[in-house]
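Summary of the model geometry
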Amino acid sequence: MNAYIFSALRLTLVSLLFFVGIYSAIVWGIAQFAPNHGKGEVISQNNKTYYANIGQSFTYDKYFKSRPSAVAYNAAGSAGSNKAPSNADYLKEVQARIDTFLVHNPGIQISAIPSDIVTASGSGLDPNISVQAATIQIKRIAKIRGIAEANLKQLIISNTEPPLLGFFGPEKINVLKLNLALDELKN
């Protein structure tokens, strides 16, 4: 019995050393190669502080809309809806988002709506949308703000982030950065 206890204690100590010390150091080391060295990206503008790595709600029609959130953009409770695409409640929720999008963006065909503008991400806090999701909102914003559509297209292009290392994932746009740049844009 003593042999089992000492073996279990040794395994516990080795696990603690590895997972608390060595593994943490490895993850920290890898994070040093990430943008902003693995720290959250804080943006200060007009005496306000924003966090670019957390999805935020933009409810006014003069702004680009964010991806929907399954957790109401609560950073303390990151989660997806965990509902299957065949779930009736989930389908009603997505249809309600489509209907709302069409009310605010008249003239858009349902088939043209990108999925990321009506479905929540797995974390519920995705700060990015696709280039297509931003582009489909240009007409609404141009009309409300009195800005030429060409200027908004250029703003989208200048705020488009390429895939990680050139090939991991799609092009994306951080909605917060895009909307802050939109506020600074003059026609």
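Below you will find a few notes about this structure. (Residues numbered from 1 in each chain as written. Predicted model: local features only at pLDDT ≥ 70, side-chain atom pairs only at ≥ 80, totals over all residues. Heavy atoms only, no water.)

**Quick notes on helix H6 (residues 175–184)**
Condition: Summary of the burial criterion: residues with accessible area below 20% of their type's maximum are buried, those above 50% are exposed, and those between are partly exposed, where the area comes from a 1.4 Å probe applied to protein chains only. Counting from the N terminus, the helices are DSSP H or I runs at least four residues long and the strands are E runs at least two residues long. Polar contacts, as counted here, are pairs of nitrogen or oxygen atoms within 3.5 Å of one another; within protein the pair requires one atom able to donate a hydrogen and one able to accept it, and residues that are adjacent in sequence qualify only if both atoms are side-chain atoms.
Residues Val-175, Leu-176, Leu-178, Asn-179, Leu-180 and Leu-182 constitute the buried set of H6. Looking at where H6 begins, the residue whose side-chain oxygen comes 3.1 Å from the main-chain nitrogen of Leu-176 is Asn-174.

**Side note on the side chain of Ser-66**
Heads up, the condition is: Pairs of residues are marked as contacts when any of their non-hydrogen atoms sit within 4.5 Å.
Secondary-structure assignment places Ser-66 in the loop between strand E2 (48–51) and helix H2 (88–104). Judged by its relative accessible area of 10%, Ser-66 falls in the buried class. Among the polar contacts listed, one links the side chain of Ser-66 to the backbone oxygen of Gln-56, at a separation of 2.4 Å. Setting aside its immediate chain neighbours within four residues, Ser-66 contacts Gln-56, Ser-57, Phe-58, Tyr-73, Ile-117, Ile-129 and Val-175.

**Description of the sheet that holds strand E3 (residues 128–129)**
Stated formally: Paired strands, in this sense, are two strands between which DSSP finds at least two bridges. Here the axes come from fitting lines to C-alpha atoms, over the contacting stretch only for helices, and the angles between their N-to-C directions go from 0 to 180 degrees.
Across the sheet, 3 strands lie side by side as E3-E5-E4; this open sheet has antiparallel pairing. Sheet topology places E3 and strand E4 (160–161) at the edges, where each strand pairs with a single neighbour. Of the strand pairs in this sheet, E3 and strand E5 (residues 172–174) are connected by 2 bridges, and their pairing is antiparallel. Bridge pairing in E5 links Asn-128 to Asn-174. This element, H6, spans E3, E4 and E5 of the sheet and lies at about 65° to E5.

**Here's the deal with the pairing of strand E1 (residues 42–45)**
Burial of the side chains of E1 is restricted to one face: Ile-43 and Gln-45 are buried, whereas none of Val-42 and Ser-44 on the reverse face is. Pairing geometry for E1 and E2, over 4 bridges, is antiparallel. Residue pairing for E2: Val-42 is matched across the bridge by Tyr-51.

**Some remarks on the nonpolar core**
What counts here: Definition of nonpolar core: a set of buried residues of the types Ala, Val, Leu, Ile, Met, Phe, Trp, Tyr and Cys, connected through side-chain atoms within 4.5 Å.
The biggest cluster of nonpolar side chains holds 31 residues, and the ones touching the most others in it are Phe-64, Leu-152, Ile-156 and Leu-182. Counting residues per element, this core draws most heavily on H6, at 5 residues.

**Points about the environment of Glu-171**
Tracing the sequence through the fold places Glu-171 in the loop between E4 and E5. Judged by its relative accessible area of 45%, Glu-171 is partly exposed. Note: C-alpha distance between Glu-171 and Ser-130 (41 residues apart in sequence) is 6.6 Å. Among all residues touching Glu-171, those that are not within four sequence positions of it are Ser-130, Val-131, Thr-160, Glu-161, Pro-162 and Pro-163.

**Brief notes about the packing of aromatic side chains**
To be explicit about the condition: For Phe, Tyr and Trp, rings pair up if their centres lie within 6.5 Å, where Trp contributes its six-membered ring, and each pair is then called stacked (planes under 30 degrees apart), edge-to-face (over 60) or tilted (otherwise). Any Lys NZ or Arg CZ found within 6 Å of a ring centre and within 35 degrees of that ring's normal is scored as a charge over the ring.
Tallied over the full model, the rule gives 4 aromatic pairs. An angle of 80° between the planes, with centres 4.9 Å apart, marks the rings of Phe-18 and Phe-19 as edge-to-face. The exposure class assigned to Phe-18 is partly exposed, which follows from its relative accessible area of 34%. The class for Phe-19 is exposed, based on a relative accessible area of 52%. Every member of this aromatic cluster is reached through a ring pair, and the members are Phe-18, Phe-19 and Tyr-23. In this arrangement the basic side chain of Arg-145 is found over the ring face of Tyr-63, its NZ or CZ atom lying 5.0 Å from the centre.

By themselves, these are just geometric observations and shouldn't be taken as functional.
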